[in-house]
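Architecture at a glance
Now for the letters of each chain:
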Amino acid sequence: VVNKSVKNLTLDGQIAYQYGTYNPKLDPNARWISSTNKAETSPRSAWGTEVVAVYDLKDVSMVSKYEPSLTGAYIYLSGANRDKVGGAAYKGWDSMFEDQTFGHLINAVMGFSNAHIFGTSLKAKPATDLTAQLDYVTGWFAKKYVEGRQAILSGVPTAQAFSMVNKANFGHEFDATLTYDYTEDVQMSLLGGIFLPSKAINGNGAIYPYRQKAIATELIGSMKVTF
């Protein structure tokens, strides 16, 4: 649903429901629950919600020449109690083949599931063919993990397992992106980001030997060619 009834403000809301069958054999976290788990399948019942507000600042005379806009977004992705496998409906959201991200590093670490995500973004054009964007993203687990649980947050079987703490907020991310329109058909981008995990992921080094102390960073250059 898109609403533009307020001048310079665009509201976009989406809601999605997932159903089908959940198979713990395909979940890398299920093996941390019990070595005797028989991996019984469950019906899936998951929800995802996204609300985005974009405010165009073109009428602010002091900055109008830079074509600035301010975006706020809230995303909810249902989570499941990973201590219960098989039987009752599994409520964890499966990101499947997503085509968008909000918080690049959070998306990679968290696997885009079991979260409340909030973010703000400021975009402007400091030059004719150059667009700059600054993002801040933070989030909370929809369902907190059991104290001391080892979890592969990304959902990738070969990924590192983290020692979890029973806390909700999982960290803060800051991103900066520069996009240069070289021609009408060629666009080049440079993205830099840093993710500062909270103690929900870091755990207690004195108790949990797999504590992850390092922050996550990225620097990505890309080129898009349209034919």
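1. A closer look at a nonpolar patch on the surface
Residues Ile15, Tyr17, Tyr19 and Trp47 make up a contiguous nonpolar surface patch of roughly 520 Å² in combined accessible area. The biggest single contributor to the nonpolar patch is strand β2 (residues 9-22), with 3 residues. Checked against the element boundaries, isoleucine 15 lands in strand β2.

2. Details of the sheet that holds strand β9 (residues 169-181)
Pairing within the open sheet is antiparallel, and its 9 strands lie in the order β1-β2-β3-β4-β5-β6-β9-β10-β11. Looking at strand neighbours, the two that pair on one side only are β1 (2-3) and β11 (216-225), the edges of this open sheet. The pairing of strand β6 (residues 130-141) with β9 spans 11 bridges and is classified as antiparallel. Bridge pairing in β9 places alanine 132 opposite leucine 178.

3. Describing the environment of glycine 155
Counting through the fold element by element, glycine 155 comes out in the loop between β7 (150-151) and β8 (162-163). Distance from glycine 155 to valine 109, taken between C-alpha atoms, is 8.8 Å for residues 46 residues apart in sequence.

4. What about the side chain of glutamate 173?
Assignment of secondary structure puts glutamate 173 in strand β9. The side chain of glutamate 173 is buried and forms no salt bridge, while lysine 123, the nearest opposite charge, is found at 15 Å. Polar contacts involving the side chain of glutamate 173 include one to the main-chain amide nitrogen of isoleucine 106, which spans 2.8 Å. When neighbours within four sequence positions are excluded, glutamate 173 is seen to be in contact with Gly103, His104, Leu105, Ile106, Asp135, Tyr136, Val137, Ile194 and Phe195.

5. Focus: unusual backbone geometry
Even without a glycine there, the phi angle at asparagine 8 is positive, about 70°. Take asparagine 8: it is sitting in the loop between β1 and β2. Within the chain, phenylalanine 112 stands out as a residue other than glycine whose phi angle is a positive 55°. Residue placement: phenylalanine 112 occurs in the loop between α1 (104-110) and β5 (115-127). Relative accessible area serves as the criterion here: at 12%, phenylalanine 112 is assigned to the buried category.

Each value, and the rule that gives it
Residues numbered from 1 in each chain as written. Predicted model: local features only at pLDDT ≥ 70, side-chain atom pairs only at ≥ 80, totals over all residues. Heavy atoms only, no water. Patch = residues over 30% accessible without salt bridge, like charges linked within 9 Å, V, L, I, M, F, W, Y side chains within 5 Å. Areas by Shrake-Rupley, 256 points an atom, 1.4 Å probe, with all protein chains shown as cover. Salt bridge = Lys/Arg side-chain N within 4 Å of Asp/Glu carboxyl O. Helix = DSSP H or I, 4+ residues; strand = E, 2+ residues; numbered from the N terminus. Pairing = 2+ DSSP bridges. Buried < 20%, exposed > 50% of the residue type's maximum accessible area, 1.4 Å probe, protein only. Lys, Arg positive; Asp, Glu negative; His and termini not counted. Polar contact = N/O pair within 3.5 Å; in protein donor to acceptor, adjacent residues only side chain to side chain. Contact = heavy atoms within 4.5 Å.

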